[in-house]
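A look at the structure
For reference, the chains in residue letters:
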Amino acid sequence: MPTIIAIDGPSASGKGTIAKKLAAHFDYAHLDTGLLYRAVGMAVIRAGQDPSDAEAAEREAKALDAAKALTLSEESALRTDQASVAASKVAVIPGVRAALLKFQKDFCQTPPNGKAGAVLDGRDIGTVIAPDAKVKIFVTASAEARAERRFKELQERGENVTYAAVLADMKERDARDAKRTIAPTKPAPDAVILDTTTIDAEQSFEAAAEIAGKKLATDE
Ligand code: DC
């Protein structure tokens, strides 16, 4: 069985960077599962429908070519704020989550390129997608710290936003992710909590690599 590392947490907690670096460190495959929800959200918008429309969203989720959506050329459109808002709306729809389940489970069972393991990051990896993952880390940070990071990122991209608006938006999306009845963002009981409020990306990766390294060593 491939070794699975599950990285969950709210947006801008640093989990994406941690997951990418961990995958390179262990030579495992990496799947940013948020991209799947973003791809469905954008597909609904492109079809001229509302991302909150369960029927339309489920239809697009079932029709999604997940492998294609994850290619680099598609990715930049999925990183926009519009995609992020649409993703958080389609992610509450049970039929959408069900349609995306198989691709994620298959990725865990057979990581691409014959890799011996996979790192998946998202909201429900340790709880739903890979409850048997050898390593589970729940990455978190204060809403203010996460809003600050997102604000800087948007500013660098030349987007005209205020910190207050980004913080309000972050809190609204946290609430939507945490309160949904299906697969809400919450740590698995056996997850290690990693708080990145006061540490940078490199320190966050080092802390995660230490947690993962110890866990893998004790399980072997
Ligand atoms: O991690 P992200 O910002 O790319 O996620 C976008 C949205 O998708 C976010 O609102 C939560 C949702 N999501 C989810 O419900 N489950 C996942 N495994 C990944 C993302």
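That block above? That's the structure.
Residues numbered from 1 in each chain as written. Predicted model: local features only at pLDDT ≥ 70, side-chain atom pairs only at ≥ 80, totals over all residues. Heavy atoms only, no water.

Moving on, we come to the site of the ligand. Taken together, 14 residues form the shell around the ligand, and within it Arg-38, Arg-97, Arg-123, Asp-124 and Arg-180 come nearest. Between an oxygen atom of the ligand and a side-chain N or O atom of Arg-123, the distance comes to 2.8 Å. Separating an oxygen atom of the ligand from a side-chain N or O atom of Arg-180 is a distance of 2.8 Å. Burial of the ligand by the protein amounts to 96% of the accessible area it has alone, namely 450 Å². Elements supplying a minimum of two residues to the shell around the ligand: helix H2 (34-46) and helix H6 (81-90). If you tally residues by element for the shell around the ligand, the top one is H2, at 3 residues. For the shell around the ligand, the class distribution of residues is 3 nonpolar, 4 polar and 7 charged. (Near = heavy atom within 4 Å. Polar contact = N/O pair within 3.5 Å; in protein donor to acceptor, adjacent residues only side chain to side chain. Areas by Shrake-Rupley, 256 points an atom, 1.4 Å probe, with all protein chains shown as cover. Helix = DSSP H or I, 4+ residues; strand = E, 2+ residues; numbered from the N terminus. Nonpolar A, V, L, I, M, F, W, Y, C, P; charged D, E, K, R; others polar.)

Attention now moves to the pairing of strand S3 (residues 117-122). In terms of burial, S3 is a largely internal element, 6 of the 6 residues being buried. Both faces of S3 are covered, namely the face carrying Gly-117, Val-119 and Asp-121 and the face carrying Ala-118, Leu-120 and Gly-122. Sheet topology note: the strand S1 (residues 3-8)/S3 ladder contains 6 bridges and is parallel. Looking at S3, one finds that Asp-8 is bridged to Gly-122. Relative to S3, strand S2 (residues 29-32) runs parallel, the two sharing 4 bridges. Following the sheet pairing, Ala-29 is matched in S3 by Ala-118. (Buried < 20%, exposed > 50% of the residue type's maximum accessible area, 1.4 Å probe, protein only. Pairing = 2+ DSSP bridges.)

Across all of its chains, the model carries 3 aromatic pairs by this definition. With centroids separated by 6.5 Å and ring planes inclined at 45 degrees, the aromatic side chains of Phe-103 and Phe-107 adopt a geometry described as tilted. Here Phe-107 and Phe-103 lie together in helix H7 (residues 94-109), a separation of 4 residues that amounts to about one turn. Judged by its relative accessible area of 26%, Phe-103 is partly exposed. Looking at Phe-107, the relative accessible area reads 9%, which means it is buried. (Phe/Tyr/Trp six-rings, centres within 6.5 Å; stacked < 30°, edge-to-face > 60°.)

What follows concerns the side chain of Arg-173. Along the polypeptide, Arg-173 turns up in helix H10 (residues 163-179). A distance of 2.2 Å separates polar atoms of two side chains, one belonging to Arg-173 and the other to Ser-84. If we skip the residues at most four places from it in the chain, Arg-173 touches Asp-81, Ser-84, Val-85 and Ser-88. (Contact = heavy atoms within 4.5 Å.)

A few words on helix H9 (residues 143-156). With 14 residues, H9 ought to run about 20 Å at 1.5 Å a step, and its terminal C-alpha atoms sit 20 Å apart, in line with that. Within H9, burial applies to Ala-143, Ala-145, Arg-146, Ala-147, Arg-150, Phe-151 and Leu-154. Tucked into the core, H9 has its buried residues touching H10. Following H9 by one or two positions, Gly-158 has its phi on the positive side, about 80 degrees. (Expected span 1.5 Å × (residues − 1).)

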